[in-house]
Amino acid sequence: LPYRLIGVNIGKGDQFQPDFLKIAPNNRMPAIVDHDPADGGKPISVFESGAILLYLASKTGKLLPKSDRAKFEVLQWLMFQMGGVGPMLGQAHHFRIYAPEKIDYAYDRYTNEAKRLYNVLEKQLSQQSYLAGEHYSIADIACFPWTRSAANQGIDWADYPQTKRWFDAINERPAVQRGLKVLADLRKPLTDDKSKDILFGNTQYTKK
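This write-up is about the structure you can find in this document. Residue indices follow the written sequence of each chain, beginning from 1 at its first position. Where totals are concerned, whole chains, interfaces and linings use all residues; where local detail is concerned, this predicted model gives features only for residues with pLDDT of at least 70, and gives and counts side-chain atom pairs only at 80 or more. Excluding hydrogens and water, the side-chain figures rest on all heavy atoms present in the structure.

### Section: the packing of helix α3 (residues 68-98) against helix α4 (residues 104-125)
Part 1: Interhelical geometry of α3 versus α4 gives an angle of 150 degrees and a closest axis separation of 8 Å. In terms of orientation, α3 and α4 fall into the roughly antiparallel class. Considering only the axes of α3 and α4, their crossing is left-handed. Between α3 and α4, the contacting residues are E73, W77, F80, G84, V85, M88, L89, Q91, A92, F95 and R96 on the first element and A106, Y107, R109, Y110, T111, E113, A114, L117, Y118, V120, L121 and Q124 on the second.
Part 2: Tallied by class, the residues present in the contact of α3 with α4 amount to 15 nonpolar, four polar and four charged. Between the N-to-C directions of two axes lies an angle of 0 to 180 degrees, each axis being a line fitted to C-alpha atoms and, for a helix, fitted only over the stretch in contact. Counting from the N terminus, the helices are the DSSP runs of H or I reaching at least four residues and the strands are the DSSP runs of E reaching at least two. Orientation categories follow fixed angle ranges, with anything under 35 degrees roughly parallel, anything over 145 roughly antiparallel, 65 to 115 roughly perpendicular, and all other angles oblique. Whether a crossing is left-handed or right-handed is set by the direction in which the near helix is turned from the far one by less than a right angle, anticlockwise for left-handed and clockwise for right-handed. For this analysis, residues touch if any pair of their heavy atoms sits within 4.5 Å. Under the convention adopted here, Pro, Cys and the residues Ala, Val, Leu, Ile, Met, Phe, Trp and Tyr are nonpolar, Asp, Glu, Lys and Arg are charged, and Gly plus all remaining residues are polar.

Structure (structure tokens):
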């Protein structure tokens, strides 16, 4: 699909700007605006990664099977990402990498949860090529980005060979490489105290 990319600098607080909050009230990325919706009506905005993936799969008829049996196989693994992989690995990142002080309980809690989640992935991927079967789907698209930082989550790829095989296969896809290049070109490191306060401190709690 043709698209226009608009970067959001979270270190500067772009995610709190009124125009962005109109389409992403949770002040998180990504968010999309479809100016050519299937019904021919006014533009449709969608926030939250899972909802965006479902919207695009519905619009294009791709990456989400039609039959209930196959479709819900994909959807349950999409929900696995939304309810487990994203939130828990995000906390592992925070307490292992970004927390200003090491809190042993939190460090161990989320590192262990990361390993549990990777064990779930490993078992599933030991039985088939992708999370929901033999075909790449929106479930794989949702989970893959989180596994790019496995080392930061306390994960040793040697312990999860089938998940690493899955990771490598997705990482080599041309469309994935194009997406990763976009990220590499635009991403700014969050190293200064002001950026960290905007992302993790009191700034994000101010009512907008």
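What follows picks up the thread again.
### Re the pattern of salt bridges
Part 1: Any Lys or Arg side-chain nitrogen located within 4 Å of an Asp or Glu carboxyl oxygen qualifies as a salt bridge. A complete count under the given rule lists eight salt bridges for this structure.
Part 2: The salt bridge partner of K71 is D68, with a shortest N-O separation of 3.7 Å. Of this pair, K71 and D68 both sit in helix α3, three residues apart, roughly one helical turn.
Part 3: For K71, a relative accessible area of 24% gives the class partly exposed.
Part 4: Connected via shared salt-bridge partners are R109, E113 and R116. Buried means the residue's accessible area, taken with a 1.4 Å probe over protein chains only, is under 20% of the maximum for its type, while exposed means over 50%, and partly exposed covers the values in between.

### Details of unusual backbone geometry
Part 1: Cis rather than trans, the peptide bond between M29 and P30 has omega equal to 0 degrees.
Part 2: Considering the arrangement of structural elements, one finds P30 in the loop between α1 (18-23) and β1 (31-34).
Part 3: A positive phi is found at N27, a non-glycine position, where the angle reads about 45 degrees.
Part 4: Relative to the helices and strands, N27 is located in the loop between α1 and β1.
Part 5: With a relative accessible area of 13%, N27 lands in the buried category.
Part 6: The backbone of L63 sits at a positive phi, close to 70 degrees, despite the residue not being glycine.

### Considering the packing of aromatic side chains
Part 1: Within 6.5 Å between ring centres, the rings of Phe, Tyr and Trp (the latter by its six-membered ring) count as paired, and their orientation is classed by plane angle as stacked under 30 degrees, edge-to-face over 60, tilted in between. This model, assessed by the stated rule, comprises seven aromatic pairs.
Part 2: Summarising the aromatic geometry, the rings of Y118 and W157 are spaced 5.9 Å apart at their centres and angled 70 degrees between planes, so their arrangement reads as edge-to-face. With a gap of 39 residues between them, Y118 in helix α4 and W157 in the loop between α5 (138-147) and α6 (161-171) connect regions that are remote in the sequence. Considered together, Y118 and W157 belong to a single accessibility category, that of buried residues.
Part 3: Pairing Y118 with Y160 gives two aromatic rings, centres 5.5 Å apart and planes at 55 degrees, and the pair type is tilted. Here Y160 lies in the loop between α5 and α6 and Y118 lies in helix α4, a separation of 42 residues in the sequence. As far as burial versus exposure is concerned, Y118 and Y160 are alike and both buried.
Part 4: Clustering of aromatic rings is evident, with ring pairs tying together Y118, F144, W157, Y160 and F167.
Part 5: Over a ring means this: the NZ of a Lys or the CZ of an Arg is within 6 Å of the ring centre and within 35 degrees of the ring normal. When the ring centre of Y110 is taken as reference, the NZ or CZ atom of R109 above it lies at 5.3 Å.

### Overview of the nonpolar core
Part 1: Of all hydrophobic cores here, the largest spans 36 residues; its most connected members are F80, Y118, L131, I138, W166 and I170.
Part 2: Within the residue set of this core, elements represented by two or more residues are α2 (49-60), α3, α4, α5, α6 and α7 (174-186).
Part 3: With nine residues, α3 is the single largest residue contributor to this core.
Part 4: In this view, Y118 contacts L89, W146, T147, A150, Q153, I155, W157, Y160 and T163; residues no more than four positions away in its chain are not counted. In this description, a nonpolar core means a group of buried Ala, Val, Leu, Ile, Met, Phe, Trp, Tyr and Cys residues linked to one another through side-chain atoms lying within 4.5 Å.

### Regarding a nonpolar patch on the surface
Part 1: Taken together, the side chains of Y3, L5 and L186 present a nonpolar region at the surface, about 360 Å² in accessible area.
Part 2: Checked against the element boundaries, L5 lands in the segment before α1.
Part 3: Residue classification places L5 among the partly exposed positions, given a relative accessible area of 48%. In this analysis, a patch consists of residues with relative accessible area above 30% that form no salt bridge, clustered at 9 Å for like charges and at 5 Å for the nonpolar side chains Val, Leu, Ile, Met, Phe, Trp and Tyr. The protein chains shown are the only cover counted for residues, whose accessible areas, like all others here, come from Shrake-Rupley with a 1.4 Å probe.

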